[in-house]
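# What the coordinates show
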Amino acid sequence: MEEELGQIIEECRIAVEDPGYPAIHQWLEDNPDGKVLGHFQVYFPEEIAHAAGMLTLKMMGFDSSVQIREADAHIAAFVCSILRTSLEQGLSGRLDFLNMYVTTPICDAARHISGVWTRRFPEMSCQILYLPQNAASPHASTYLVGEYRRIAGIIEEITGTEITDEALRASIELFNENRRLLRELYRIRRETPWLVGLTESYLLMASGGAMPRERHNELLGRAVEIIRSRDRRPQDKVRVVFEGGYCEQPPIEMLSVLQDVAYVVDDDFMIGLRWLTEDVATSGDPMENLAVAYLEASSYSPVQRDPRKPKEDMLLRRIRESHAEAAIVAAPKMCEPGLEEQVAYDAALTEAGFPHLVMEFEEKTANFEQARMEFETFAESLLFEFV
Amino acid sequence: MEPHNVAIRPALSRAGNTREASRALMSDWWTQLGEADATAAPVANTFVMGSLAEVLNAFDIPMMFPEIAALQTAVKGKSMDYLLAAEDIGYSPDICGYVKVDIGLHNTGREHPLGKYPKPAMVVSSNMCNTYIKWSETWERQYGCPVFVLDLPGWRGTGFEYSSTSETFRNDVKYVEGQIRDLIDLASQVSGKKFDIDKLREILGRVNRMSELYQAILAMNKNRPAPFNALTEGINYMGIANILRGQPEGVEFMETALAELEERVAHGVGAVPDERFRLLLVGTACYTNFREFVGMFERWKGVFVASEYMSFAGGGIDRGVRYDLDRPIESLAEQILITAQPSMSGIFFSHEWQARMAEEYDIDGICYHGVKSCRTTAAGLPDAREWLLNNANVPGLFIQSDLVDSRLWAEAQMRNRIDAFFESLQSRRVQAGV
Ligand code: SF4
Ligand code: SF4
C-alpha cells in the first residue's frame, strides 16, 4: 500500500512541479477539442468552467526550476515571485494551450498582470473576475451571481457549450466530493499528524489545481484511505499552524525542512482550493448557490475584505481548532497584503501570549539552511518551554 | 547687436493667483481638521480614488486624505521620521510608504508638519487600490472606527464594453447604488445628522462644474508652449480637486486656475521657458527629492504637459463627471462607474490612453516612474513602455525611486538615465529632420 501511495504522490508531484504541465497535455491528447482555462490565485469558481467541459489550471508559481528570462522586462522588480514565474510561463510559450485566462484583483501587483497579459496575448480571452470586496454588503450576492453569469457567458462562447443548471449541479457534486476529501485530509492532519507528512499532504492537495478533478478525486480518495490505515507512532514534535501560503507558495523543500522539526497541523496553503468550507447546495439555482457559498461559507485570506471574518480571529480559531502549540506567520517577499497582514497577526498572537515565528519566504529560495536554522531554533525554544 | 536670448516674460495680472489660492485653501483644510480633532468632531479618512466626498460633504464630515498628508510630509522633508517609526513596529520596508508614514503619524502623537493629524471616526475606503483596504484595517484596529469599503467593479478584460444598457453595467450600478445607500446611513449615524437629498444635489451640481473646469484646465496644455507643468502645478490642482470636491471654494479655485492659464496662453507664456520637449508622466513623482526630480527635466526644457496621475488620482474628474441632478443617488452610482472606475482600471490598461494622449498633446516621450511604494501605479510600467514604443512609436524612459522613501533615491543614476533619454529624443529629432 505504501508503494501505491508513493505512486500517487509521485503523480501529484509531477502535476505540481513540472513546468511543462504534463497532466494538462495528457488531457488535451485525450480531448483534442478540449479548452483550457487558466486562473490566477486565489479563488475561482471552477465548477462553472467544468460544467462547460473546460479544464481549469490554477497558477501556482514555480521554484527555481523556472528561470526568469523574459518576465523581468515586463514587470517591475518590486513584485513577488509568483507573478514573475507565472508570467514567464506565459511568455515562454508554455501556456499556449490556454483559451482563457482569468485573474481576480487580489492585490495591486496582480492587477497589472491582467494588463500585461492582455497586451501580450491579444488573441486570448483575458478576463477579470471582480469578486466582491465588500463581502458583507447585503447587495454582494446578487452582484456576484451576475458576475458569475457574465463569466459563464464567455465560457459558453469559447466552448460552444451551454452551461445548463443540470451540468452545473453535476460539477458542483464533483467539486463537493473533492473538497470533502480535502477536509478529510486536513482532519487527519489535525487529529493524527504523524500519519501524513506535510509534503505528502501538500502535494496531494495542491495537485487538484493542475489536473482534471475526476482524476484528482480518484487519487485523493485512495490516498486518504491508505493514510488512514497507516500504522505510525506519534513523535515528540511541536504542533504548529502555518499561515501565509494563501497565494505564493513556499518551495516544497522548505516544507520538508519544516516537517522534520514540527507537525504542521493546519495551514492556508493554496486556500482557494479549499475556500468553500461546506458542501455547496445543489438544489435550487446552482449559480446562486456558488455565489452564496463564496460569501457565506468560506475561508479567509488577507486579500478578501469581510468584516464578519476579522483575520486575526480567524487565525486564532484555526489555531484553537487544530490544537496547535505555536504558529508560523509567514509572508511572501514583496507581497504587500501578506506583509501587512503579518503585522496584525503578530500583534494578535503576541497579545494572546501565543508562541509564533514571523518570517518571509520566496518560492524561488534555493538555500534552506537559514530556514532550517530558524525552524529548529524556534521548535527547540518551544520544546524547552514545554518541558 | 545680436538680440540676447533671455526670454522676457510679459507681466501677467493673474500670475500667482492659483498658487496663493491653493496655499490658502490647504492651510484652511489643516485648520479645519485641527479644530475637528480639538473638539472631537467626527472626521472621515478617505482616499483620492473613490473618496465619495459627495456623500461625506452632504453630512459636513471633514475629510482627511492620508495620501495627500503623506505626500506633504515628504515635501517637508519629514517622511522618513514617520516611515521609520512604522518599520520599528514591524512594517516591512517593502510595503507602501504612504501607509507607513500614516502609521508612523498615528503612533507618534499625530503631529503632522502642517497641523494636528486627526483620529478617524469613520473610514471610506475602496478597492481602487487594494492597499487602501489593508490600510483602512489598521485604523479599524487602532481606533475601532467603522470602515466602509466601496467596491467598484472595474474593467473586465478582453472585449469588455461598458455601455449604459449592458447587463454588466446594470448589475454593477445596482451593487454600487446599494453600497452608497449603506454609506449614507453610516454617515448619518456617525455625524448624527439627517440626510438631505437637496444638499447632495447641490454638491453634485458643483462637482459637475468642477469637472468641466478641470477638463478645460487639462486641455490648456494642448497649447504650445504648455502653460502649466503637470508634474508641479498639476499636483496642486489635483490636491484641491480632492479636498474640495463639490464645495463652492473648489469651483472657485478651478475658475481661478483656468483664468490664469488662459492668460498665460494668450501671452504665449509656457510653464517651462523655451519649451523643447513635451512629456507625459506615467506613475507618480518623487516627493522626497521633488525639486531635484523636477529640475532634471526642466534643465532640458522638458515640460510635463500631462500626467496619468492627474487622471487616476482625481476620482474620474478628468473624464467629465455629469451627474443627473434629478436622480442624485442613482446618478452618483452610474457616474462613479463611468468616470472613476475607468480611471482606476486605466492604470492597468492605460496603453491606449497613453497613445491617445501622445497624439492629442503632441508628446515627444513618456516618463515611466516606477515607485516601489506603489505597485498600483507602477508594477506593469515596463510592459506598457515596450507596448508604446512598438505600437505607437512613442519612446519611453523607465526610472525608479519612491514617493516618500528617500533611501530609494539615487540621484546620479537618475540623472544619467534622464540625460540619456533626452539625448535620444534629440537625436530622434535630428534623424527626423525636425
Ligand atoms: S503573493 Fe501577494 S503580492 Fe504576490 S500576487 Fe499574491 S497576493 Fe499579490
Ligand atoms: S499603493 Fe499607491 S495608490 Fe495605493 S495607497 Fe499606496 S501610494 Fe496610494
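Residues numbered from 1 in each chain as written. Chains lettered and ligands numbered in written order. Predicted model: local features only at pLDDT ≥ 70, side-chain atom pairs only at ≥ 80, totals over all residues. Heavy atoms only, no water.

Here the focus is the overall build of chain B. Of regular secondary structure, chain B possesses 17 helices and ten strands. A compact globule built from 434 residues would reach a C-alpha radius of gyration of about 22 Å, and chain B, at 22 Å, matches this within 12%. With respect to the principal axes defined by its C-alpha atoms, chain B has extents near 75 × 50 × 50 Å. Residues classed as buried in chain B amount to 62% of the 434 residues present. Considering only residue pairs separated by 6 or more positions, chain B has 78% of its internal contacts joining residues 24 or more positions apart. Counting only carbon and sulfur atoms, one obtains 48% of the accessible surface of chain B, whose full area is about 16100 Å². (Helix = DSSP H or I, 4+ residues; strand = E, 2+ residues; numbered from the N terminus. Rg over C-alpha atoms; globule rule 2.2 N^0.38 Å. Buried < 20%, exposed > 50% of the residue type's maximum accessible area, 1.4 Å probe, protein only. Contact = heavy atoms within 4.5 Å. Areas by Shrake-Rupley, 256 points an atom, 1.4 Å probe, with all protein chains shown as cover.)

Glancing now at the site of ligand 2. Residue and element names in this part refer to chain B. In the neighbourhood of ligand 2, the contacting residues comprise Glu67, Cys96, Tyr98, Cys129, Thr131, Tyr132, Trp135, Ser373, Cys374, Thr376 and Leu403. A per-element tally of the shell around ligand 2 places helix H6 (residues 130-143) first, with three residues. Residues of the shell around ligand 2, tallied by class, amount to seven nonpolar, three polar and one charged. (Near = heavy atom within 4 Å. Nonpolar A, V, L, I, M, F, W, Y, C, P; charged D, E, K, R; others polar.)

Residue and element names in this part refer to chain B. With 98% of its residues at a pLDDT of at least 70, chain B reaches an overall mean of 94. Contacts from residues 1-5, a stretch scored under 50 in pLDDT, to residues over four places away or in other chains number zero contacts. The ipTM assigned to the predicted complex is 0.96, against a pTM of 0.95. (pLDDT = per-residue confidence, 0-100.)

Another aspect to go through is the interface of chain A and chain B. At the interface, 52 residues of chain A touch 60 residues of chain B. Interface area for chain A against chain B, summed over the two sides, is near 4600 Å², with a carbon-plus-sulfur share of 51%. Three residues, Phe78(A), Arg119(A) and Arg305(A), lead the burial of chain A against chain B; their summed loss comes to 17% of the area buried on that side. If you look at where chain A meets chain B, you find eleven salt bridges. Mapped onto the side of chain A that touches chain B, the elements with two or more residues apiece are helix H5 (108-120), strand S4 (125-128), helix H6 (140-159), helix H12 (311-321) and helix H13 (336-351) of chain A. Looking at which element gives the most residues to the side of chain A that touches chain B, the answer is H5(A), with ten residues. (Buried area = accessible area lost by both parts, 1.4 Å probe. Salt bridge = Lys/Arg side-chain N within 4 Å of Asp/Glu carboxyl O.)

With that settled, the discussion passes to the pairing of strand S3 (residues 98-103) of chain A. All names here are of chain A. Burial within S3 is extensive, with five of its six residues counted as buried. Across four bridges, the pairing between strand S1 (residues 36-39) and S3 is parallel. Of the residues in S3, the one forming a bridge with valine 36 is leucine 98. (Pairing = 2+ DSSP bridges.)

This part is about the sheet that holds strand S6 (residues 262-267) of chain A. Residues and elements named next belong to chain A. Spatial ordering of the open sheet is given by S6-S5-S7-S8, a layout of four strands whose pairing is parallel. Unpaired on one side and paired on the other, S6 and strand S8 (356-361) mark the two borders of the sheet. Mean inter-strand twist for the sheet, computed between neighbouring axes without regard to direction, equals 30°. With four bridges joining them, strand S5 (residues 238-243) and strand S7 (residues 326-332) adopt parallel strand pairing. Residue pairing in the sheet places valine 240 in a bridge with alanine 326 of S7. Lying on the sheet, helix H7 (residues 165-191) is in contact with S5 and S6; it crosses S6 at an angle near 140°. (Axes fitted to C-alpha atoms, helices over the stretch in contact; angles between N-to-C directions.)

Let's shift gears to the sheet that holds strand S5 (residues 122-126) of chain B. Residues and elements named next belong to chain B. Ordered in space as S2-S1-S5-S6, the four strands form an open sheet in which the pairing is parallel. The open sheet has two edge strands with one neighbour each: strand S2 (63-64) and strand S6 (147-150). Judged from the four bridges that link them, S5 and S6 form a sheet pairing that is parallel. Bridge assignment links valine 123 to a residue of S6, and that residue is valine 147.

Turning next to the nonpolar core. Ranked by internal contacts, the top residues of the largest apolar core, which has 288 residues, are Tyr148(A), Ile155(A), Met205(A), Ile328(A), Phe375(A), Tyr287(B) and Phe297(B). If you tally residues by element for this core, the top one is helix H8 (residues 197-220) of chain B, at ten residues. Residue contacts for Met205(A): discarding those within four places in its chain leaves Leu182(A), Leu185(A), Tyr186(A), His216(A), Phe269(A), Met270(A), Leu273(A) and Arg274(A). Formed by 13 residues, the second largest nonpolar core is a distinct cluster that contains Val241(A), Tyr263(A), Ala327(A) and Tyr345(A). (Core = buried A, V, L, I, M, F, W, Y, C linked by side-chain atoms within 4.5 Å.)

Here we come to the packing of helix H1 (residues 17-38) of chain B against helix H10 (residues 248-266) of chain B. Residues and elements named next belong to chain B. Taken N-terminus to C-terminus, the directions of H1 and H10 make an angle of 160°; their axes are 8 Å apart at the nearest point. By the angle between their directions, the pair H1 and H10 is classed as roughly antiparallel. In this structure, H1 meets H10 at a crossing whose hand is left-handed. Side by side, H1 and H10 meet where Asn17, Thr18, Ala21, Ser22 and Leu25 of the first sit next to Glu249, Phe253, Thr256, Ala257 and Glu260 of the second. (Parallel < 35°, antiparallel > 145°, perpendicular 65-115°, else oblique. Left-handed = near helix turned anticlockwise from the far one by under 90°.)

For the rest of this paragraph, the subject is empty space enclosed by the protein. A complete count under the given rule lists 15 cavities of 30 Å³ or more for this structure. Along the wall of the largest cavity there are 29 residues; nearest its centre are Ile106(A), Cys107(A), Tyr246(A), Val303(A) and Pro337(A). When residues of the lining of the largest cavity are traced back to their parent elements, those giving at least two are helix H4 (81-91), H5 and H13 of chain A together with H6 of chain B. Looking at the lining of the largest cavity element by element, the count peaks at five residues for H6(B). Its residues assigned to classes, the lining of the largest cavity shows 17 nonpolar, four polar and eight charged. (1 Å grid on protein atoms, 1.4 Å probe; cavity = no way out; pocket = protein on both sides within 12 Å on 5 of 7 lines; lining within 4 Å. Points joined across faces, edges and corners; volume = space filled by probe spheres on them.)

It is worth spelling out unusual backbone geometry at this point. Cis peptide bonds are those with omega within 30 degrees of zero, and the linkage from Gln41(A) to Val42(A) qualifies with 10°. With respect to the helices and strands, Val42(A) occurs in the loop between S1 and helix H3 (46-51). Here the bond from Arg224(B) into Pro225(B) is cis, since omega is 0°, no more than 30 degrees from zero. Of note, Pro225(B) is situated in the loop between H8 and helix H9 (233-243). For Met270(A), which is not glycine, the phi dihedral falls at a positive 45°. Along the chain, Met270(A) falls in the loop between S6 and helix H11 (286-296). Even without being glycine, Asp274(B) reaches a positive phi, approximately 55°. When you line up the elements, Asp274(B) lands in the loop between H10 and strand S7 (277-283).

Before going further, it helps to examine the layout of surface pockets. Looking at the second largest pocket, its volume works out to about 680 Å³. Of all elements in the fold, only H5 of chain A together with helix H13 (328-348) and helix H14 (351-360) of chain B reach the threshold of two or more residues within the lining of the second largest pocket. In terms of residue count, the dominant contributor to the lining of the second largest pocket is H13(B) (five residues). Within the lining of the second largest pocket, the residues separate by chemical class into nine nonpolar, nine polar and four charged.

It is worth spelling out the packing of aromatic side chains at this point. The relation between two aromatic rings is expressed through the spacing of the ring centres and the mutual angle of the planes. Enumeration according to the criterion identifies 33 aromatic pairs over all chains in this entry. With centroids separated by 5.7 Å and ring planes inclined at 85°, the aromatic side chains of Tyr21(A) and Phe97(A) adopt a geometry described as edge-to-face. Residue Tyr21(A) is found in the loop between helix H1 (2-17) and helix H2 (22-30), and its partner Phe97(A) is found in the loop between H4 and S3; the two are separated by 76 residues along the sequence. Comparing Tyr21(A) with Phe97(A) shows no difference in burial state: the two are buried. Centroid distance Tyr309(B) to Phe312(B): 5.9 Å. Interplanar angle 90°. Geometry classified as edge-to-face. Taken as a pair, Tyr309(B) and Phe312(B) lie in helix H12 (residues 309-312) at a separation of three residues, close to a single helical turn. Each member of the pair, Tyr309(B) as well as Phe312(B), carries the same accessibility label: buried. (Phe/Tyr/Trp six-rings, centres within 6.5 Å; stacked < 30°, edge-to-face > 60°.)

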